[in-house]
Amino acid sequence: MSILDQRKLIESIHPFELLSATALENLMKKIDIAYYPKETLLISKSLPSIAFYIIIKGSVAEFVDDELHNVYSAGDSFDADALIYEKCESRFVVDEDLICYEIKKEDFLDLMQNKKVQSYFLQDFVTRHQHLKDYAAQSELTPFLMSRVSDMFLHSACVVESDESIYNSLVKMRDAKAHVILLKVNDEYLIVTDTDLREKVLLGGVNVNEEISKIASSRVISIELNDFLFNALLIMTQNSIKRIVVMHKGEIKGVLEQLDLLSYFANHSHLVAVQIDKAKNVDDLKNVQDDLKNLLIILNSKGVKVRYITKLVSTLNIKIYKKVFDMCVGVELRDKCALIVMGSEGREEQTLKTDQDNALIVKDGIDIEDFHMPMVQLNSYLLELGFPVCSGGVMVSNVFWRRDVSGYKSLISSWVTSLNEENLKNLSIFLDAKCVAGNVQLLNELTDHLHYSFHSRDDVLAHIAKAVLNFETPLSLFSSFVLEKNHNNKLDLKKGGIFALVHGVRTLALQYEIKETNTIERIKQLNNQGIIDKNFATELMESFDTLSSIRLKAMLEAKEMKESNLINPKNLQKIQMDLLKDSFKVINKFKKFMIFHFHLNMVG
Amino acid sequence: MFFSLYNNFKKKRNKAKLKDEKFSFLFDEDRSGEYVVIDTETTGLNPQVDEILSIGAVKIKDNKILTSQTFEVYVKNSRAISSKSIEIHRIRPCDVEYAKSSNEAISELLNFIGSRTLVGYYLEFDADMINKYLKPLLGIKLPNKMIEVSELYYDAQIATIPQGHIDLRFDTMLKKYNIPNMGAHNAVNDAVMTAMIFLKLKS
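In this text the structure is predicted, and so the values were computed from the model without any measurement.

Caption draft 1: The overall build of chain A, seen in detail. When helices and strands are tallied, chain A shows 23 helices and 19 strands. Across the 604 residues of chain A, 48% fall into the buried class. The long-range share in chain A, meaning contacts at least 24 apart out of those at least 6 apart in sequence, stands at 69%. A total of about 29,300 Å² of accessible surface is found on chain A, and carbon and sulfur atoms cover 52% of it.

See below:
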């Protein structure tokens, strides 16, 4: 290629377009093209970098501790850090015959004299390493420094008039479950703490009918709602106080307790749980919902494995269900029924709110009608809390999903004898049932009955298993993705992989009478029973985790619910893309296993 | 043995004809370890009547194409450039406005290549074209060792498909070795692409 073409190529690579025409001209006179065959080691700890590489053709893999960290291909460049810092923790190996431009080390460092170029590479260094850190260490420090007071659960503040009596103030404080009393005097807030009460009322003899302002001692120490939590901790430590008043635009927003602050860093989820327990009505629970989403985002960005996140979210959701159940069902009825959740909630794999799939099992001999109104109420509360309506009507408000034990037993019997599409769907979600409130024995009885009914019915099981093959894995022969043409060339993760895995494992769980509902737990049990070997089990679990975590990311970013299963592979990082490909390969392997196991090629 | 004797003899006879001692370095033994890939753009394919429009060359050392040291020169022509050849090499009359005289261009080229081994695609043609100007100027032909890329390619391919017909077209070779085709046909461009093929074949 001519000098001009080279220039165009270099110019198209950030940050070289920032160079002036003459600087670029000079640079061009210093660039060589090099060829390296596959598997050439370019840079490593012991092989210092001698040049800055810009790939024309071919690809280079970067390994950190033998783990593939990144893949560079045409148009990519590497590795500024190795040149600037003269050391490199990773290994760069040619993955596919490489033709690349080389800017010699000295020339590259010369280039760094240019402020714009310099700031690019240095800034890039920081952001990239930030990323590395998040990825590798899941550092606790970063979220700690980044969290703001507004991320916290704030106790309600008990604010009283300055001429309120001490006695009445104390009553108000108790009702508000607050720890301090605040009062406004001349545009300034004063605080009455336990110490004031002890020193001045109990020991100092001030009458409880006196005005509260008499015993108020100090001015309030406050912090802005948007301030960093770190600062809150600093202020508390400096002033040796246990709580701090949170202000926003001159108004009191609440009180931040040191105990909560410390436990926030120890365990975010704890606070959400406390809030659910404390909730007195649906509105209180609503506030919790926002926190739940934040919790998700924080945990995900910390790099916590999705299966732990979903487990946590499910646990918290169950708490909400319990709370709502208690609000709607009278004490005398509670142990005469079981509220169950099914589908992804039952499997404890739900992340963001997905459709509610719930049902009620009533003890034999109890009038089902007694539960009609409470269940309609429960359903409407759940809707208020943002649990979306199930389009299939799988909800306690639907009489179909409100039966007594014998009612469910006859339903199960009908599933064994005729498996039309509707029945198969109902069976599938019922297989994932988990009791969240009420009498768990009722569900156990039905699970046993279910296993009993399907025992040795391999013919029926094969029909159930067949659904695994409903959707093609979106991986072509040449290991590239097959995209959904009618969805803007996006990839459907649920259809493409998650469904096959979840449904297949579910069917196997039914066959081997495994009581766990969680996919990971089911896989572990299948491994324990020797149905699948340890290696394959691990592959399945990792694939499931990869697919779920990419899906979670898509869900957090999706604007619409129906879009949330679709991802655009182009937006993925290379490492994620490769993980995704590997996961699909495992899914294909699993499908083959299912075909063989259930003789699916013989089922019409 | 016989060949090297014969070549030595030929080289000596060639050197004896050298008119200008300044260029005796062309006959020195090459110790640079470098190769030079050259390519010429001409008005046509007949060295007898056609003329050189431009010469491009680039050095190779080890696994590197030293594009930092490319050579490119446009040559003044005695006749107007035919429109037919313009379509191929895209050198318009206005491009050769700042061209050098053929003697000047050839001298610069010789200084660039020195006694290095030359590499090219259908190099014989390029050498013939250059010799056409070199002979009257210095009395000699290019004395450098020459490596024909299409020959290397043929050898590499015939080893895999012994009875096969080997397609030696330039574009086929580019594709075969997954070499980026940068489009524009000009002497330096072609030389760089030829160099890439050479590096792949050499390794």
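Picking up where we left off.
Caption draft 2: Highlighting the packing of aromatic side chains. Residue and element names in this part refer to chain A. For the coordinates displayed, the defined rule picks out 19 aromatic pairs over all chains. Judged by centre distance (5.9 Å) and plane angle (35 degrees), the ring pair of Tyr72 and Phe92 falls under tilted. Here Phe92 lies in strand β6 (residues 91–104) and Tyr72 lies in strand β4 (residues 67–72), a separation of 20 residues in the sequence. Ring geometry for Tyr408 and Phe430: centres 5.8 Å apart, planes at 20 degrees, overall stacked. One end of the pair, Tyr408, is in helix α16 (residues 405–417); the other, Phe430, is in helix α17 (residues 421–431), and 22 residues separate them in sequence. No difference in accessibility class separates Tyr408 from Phe430, as the two residues are buried. Members of the aromatic cluster, connected to one another through ring pairs, are Tyr36, Tyr53, Tyr72, Phe78 and Phe92. When the ring centre of Phe400 is taken as reference, the NZ or CZ atom of Arg403 above it lies at 4.4 Å.

Caption draft 3: Here's a closer look at a negative patch on the surface. Together, A:Glu332, A:Asp367, A:Glu369 and A:Asp370 give the surface a local cluster of negative charge. Along the polypeptide, A:Glu332 turns up in the loop between α13 (306–328) and β14 (337–341).

Caption draft 4: Highlighting unusual backbone geometry. Here the bond from A:Phe78 into A:Asp79 is cis, since omega is -15 degrees, no more than 30 degrees from zero. By the secondary structure assignment, A:Asp79 is in the loop between β5 (77–78) and α3 (80–84). The residue A:His599 is not glycine, and still its phi comes out positive at about 50 degrees. Examined against the element boundaries, A:His599 turns out to sit in the segment after α23 (574–597). Positive phi values are uncommon outside glycine, yet B:Tyr122 reaches one of about 50 degrees. One can find B:Tyr122 in the loop between β4 (117–120) and α4 (123–138). According to the relative accessible area criterion, B:Tyr122 is partly exposed, its value standing at 45%.

Caption draft 5: Region of the structure containing the pattern of salt bridges. All names here are of chain A. If you walk through the whole model with that rule in mind, you get 27 salt bridges over all chains. Across the pair Glu257 and Arg243 runs a salt bridge whose closest N-O atoms are separated by 3.0 Å. Of the two residues, Glu257 sits in strand β13 (residues 251–257) while Arg243 sits in strand β12 (residues 243–248), which places them 14 residues apart along the sequence. A single salt-bridge network, built from bridges that share partners, covers Arg347, Glu349, Asp432, Arg506 and Arg522.

Caption draft 6: Highlighting the sheet that holds strand β16 (residues 402–404) of chain A. All names here are of chain A. Spatially, β16-β15-β14-β17 is the arrangement adopted by the 4 strands of the open sheet, whose pairing is mixed. Each edge of the sheet is formed by a strand with only one pairing partner; in this case those strands are β16 and β17 (434–438). Sheet twist, expressed as the average angle between the axes of neighbouring strands with direction ignored, equals 30 degrees. Looking at chain direction, strand β15 (residues 358–362) and β16 are connected through 3 bridges and run parallel. When the sheet's bridge partners are listed, Leu360 is paired in β16 with Arg402.

Caption draft 7: Fine view of the pairing of strand β1 (residues 34–42) of chain B. Residues and elements named next belong to chain B. Taking burial as the measure, the 9 residues of β1 include 8 buried ones, the bulk of the element. Of the strand pairs in this sheet, β1 and strand β2 (residues 52–61) are connected by 9 bridges, and their pairing is antiparallel. Directly across from Thr42, in β2, lies its bridge partner Ile52.

Caption draft 8: The nonpolar core, seen in detail. Core analysis: the largest hydrophobic core is formed by 68 residues, its most contacted members being A:Ile340, A:Met342, A:Ile361, A:Phe430, A:Phe454, A:Leu580 and A:Phe590. A per-element tally of this core places helix α20 (residues 493–511) of chain A first, with 9 residues. No fewer than three residues from each of domain 3 (277–455) and domain 4 (464–602) of chain A sit in this core. Contacts of A:Phe430, omitting those with residues within four sequence positions, involve A:Ile340, A:Met342, A:Trp401, A:Tyr408, A:Ile412, A:Trp415, A:Leu446 and A:Leu450. Judged by nonpolar contacts, the second largest core, of 45 residues, contains A:Ile31, A:Phe52, B:Ile179 and B:Ile197.

Caption draft 9: The sheet that holds β12(A), seen in detail. Residue and element names in this part refer to chain A. On the basis of which strands lie adjacent, the open sheet formed by 3 strands has the order β11-β12-β13 and mixed pairing. Pairing within the sheet leaves two strands with one partner each, and these edge strands are β11 (222–224) and β13. Across the sheet, the mean angle from the axis of one strand to that of its neighbour is 35 degrees, orientation sign disregarded. Where β12 and β13 come together, 6 bridges link them in antiparallel fashion. Bridge pairing in β13 places Ile244 opposite Leu256.

Caption draft 10: Up close: the interface of chain A and chain B. Facing 21 residues of chain A, the contacting portion of chain B comprises 20 residues. Both sides of the chain A and chain B interface together cover about 1,800 Å² of buried area, and 57% of this is carbon and sulfur. Here chain A and chain B share 2 salt bridges between them. The salt bridge partner of B:Lys200 is A:Asp97, with a shortest N-O separation of 3.5 Å. Contributions of two or more residues to the side of chain A that touches chain B are made by α1 (3–11), β1 (31–36), β3 (51–64) and β6 of chain A. Broken down by element, the side of chain A that touches chain B gets its largest block of residues, 6 residues, from β1(A). Looking at the side of chain A that touches chain B, its residues break down into 11 nonpolar, 2 polar and 8 charged.

Caption draft 11: Representation of helix α7 (residues 187–202) of chain B in the model. Given a rise of 1.5 Å per residue, 16 residues ought to cover 22 Å, and the 22 Å separating the end C-alpha atoms of α7(B) matches this to within 8%. Taking burial as the measure, the 16 residues of α7(B) include 15 buried ones, the bulk of the element.

Caption draft 12: Examining the environment of A:Ile532 more closely. Residue and element names in this part refer to chain A. The topology assignment puts Ile532 in the loop between α21 (519–528) and α22 (534–557). Judged by its relative accessible area of 4%, Ile532 is buried. Residues Ile532 and Phe593, 61 residues apart in the sequence, show an inter-C-alpha distance of 9.4 Å. Aside from chain neighbours lying at most four places away, what touches Ile532 is Ile523, Leu526, Asn527, Ala537, Leu540 and Phe593.

Caption draft 13: Structural view of the environment of A:Ala216. Residues and elements named next belong to chain A. You can see Ala216 is positioned in the loop between α8 (194–203) and β10 (218–219). Spatially, the C-alpha atoms of Ala216 and Ile191 are 5.8 Å apart, while their sequence positions differ by 25 residues. The contact partners of Ala216, leaving out residues within four places of it in the chain, are Leu183, Leu190, Ile191, Val192 and Lys200.

Caption draft 14: Representation of a positive patch on the surface in the model. Residue and element names in this part refer to chain B. Taken together, the side chains of Lys10, Arg13, Lys17, Lys135 and Lys141 present a region of like positive charge at the surface. Along the chain, Lys141 turns up in the loop between α4 and β5 (146–148). Here Lys141 falls in the partly exposed class, since its relative accessible area comes to 47%.

Caption draft 15: Local environment of the side chain of A:Asn423. All names here are of chain A. Looking at the element boundaries, Asn423 is found in helix α17. Separated by 2.8 Å, the side chain of Asn423 and the backbone oxygen of Ser418 make a polar contact. Dropping the residues within four chain positions of it, Asn423 is found in contact with Ser414, Trp415 and Ser418.

Cut-off values and rules
The written sequence of each chain sets the order in which its residues are numbered from 1. As a convention, the first chain written is A and the first ligand written is 1, with the rest following in written order. Where local features are concerned, this predicted model is filtered to residues with pLDDT of at least 70; where side-chain atom pairs are given and counted, the filter is 80 or more; whole-chain, interface and lining totals use all residues. Excluding hydrogens and water, the side-chain figures rest on all heavy atoms present in the structure. Numbering of helices and strands runs from the N terminus; a helix is a DSSP stretch of H or I covering at least four residues, while a strand is a stretch of E covering at least two. Think of it in three bands: residues with accessible area under 20% of the maximum for their type are buried, residues over 50% are exposed, and the middle band is partly exposed, with areas taken using a 1.4 Å probe on protein chains only. Only heavy atoms matter for contacts: two residues are in contact if any of them lie within 4.5 Å across the pair. For accessible areas, the Shrake-Rupley method is used with a probe of radius 1.4 Å. Any residue's cover is judged against the shown protein chains and nothing else. When the centres of two rings from Phe, Tyr and Trp lie within 6.5 Å, Trp using its six-membered ring, the rings pair. Their planes under 30 degrees apart give stacked, over 60 give edge-to-face, and anything left gives tilted. To sit over a ring, a charge needs its Lys NZ or Arg CZ within 6 Å of the ring centre and within 35 degrees of the ring normal. Note that patches include only residues with greater than 30% relative accessible area and no salt bridge, and the join distances are 9 Å for like charges and 5 Å for nonpolar side chains (Val, Leu, Ile, Met, Phe, Trp, Tyr). Salt-bridge detection follows one rule: a side-chain nitrogen of Lys or Arg within 4 Å of a carboxyl oxygen of Asp or Glu. Only four residue types enter the charge count: Lys and Arg as positive, Asp and Glu as negative, with His and the chain ends excluded. Each charge is placed at NZ for Lys, CZ for Arg, CG for Asp and CD for Glu. When DSSP finds two or more bridges between two strands, those strands count as paired. The convention used is that axes are lines fitted to C-alpha atoms, helices contributing only their stretch in contact, and that angles between N-to-C directions extend from 0 to 180 degrees. The nonpolar core is taken to be a set of buried Ala, Val, Leu, Ile, Met, Phe, Trp, Tyr and Cys residues, with the residues joined through side-chain atoms within 4.5 Å. A domain assignment, automatic or from a database, supplies the domain bounds used here. Here the quantity called buried area is the total loss of accessible area, with a 1.4 Å probe, experienced by two parts when brought into contact, counted for both. Lys, Arg, Asp and Glu make up the charged group, whereas Ala, Val, Leu, Ile, Met, Phe, Trp, Tyr, Cys and Pro make up the nonpolar group; the residues left over, Gly among them, are polar. For a helix, the expected span equals 1.5 Å multiplied by the number of residues minus one. We define a polar contact as two N or O atoms separated by no more than 3.5 Å, with the added condition that, inside protein, one atom must be a possible hydrogen donor and the other a possible acceptor, whereas residues neighbouring each other in sequence contribute only through side-chain atom pairs.

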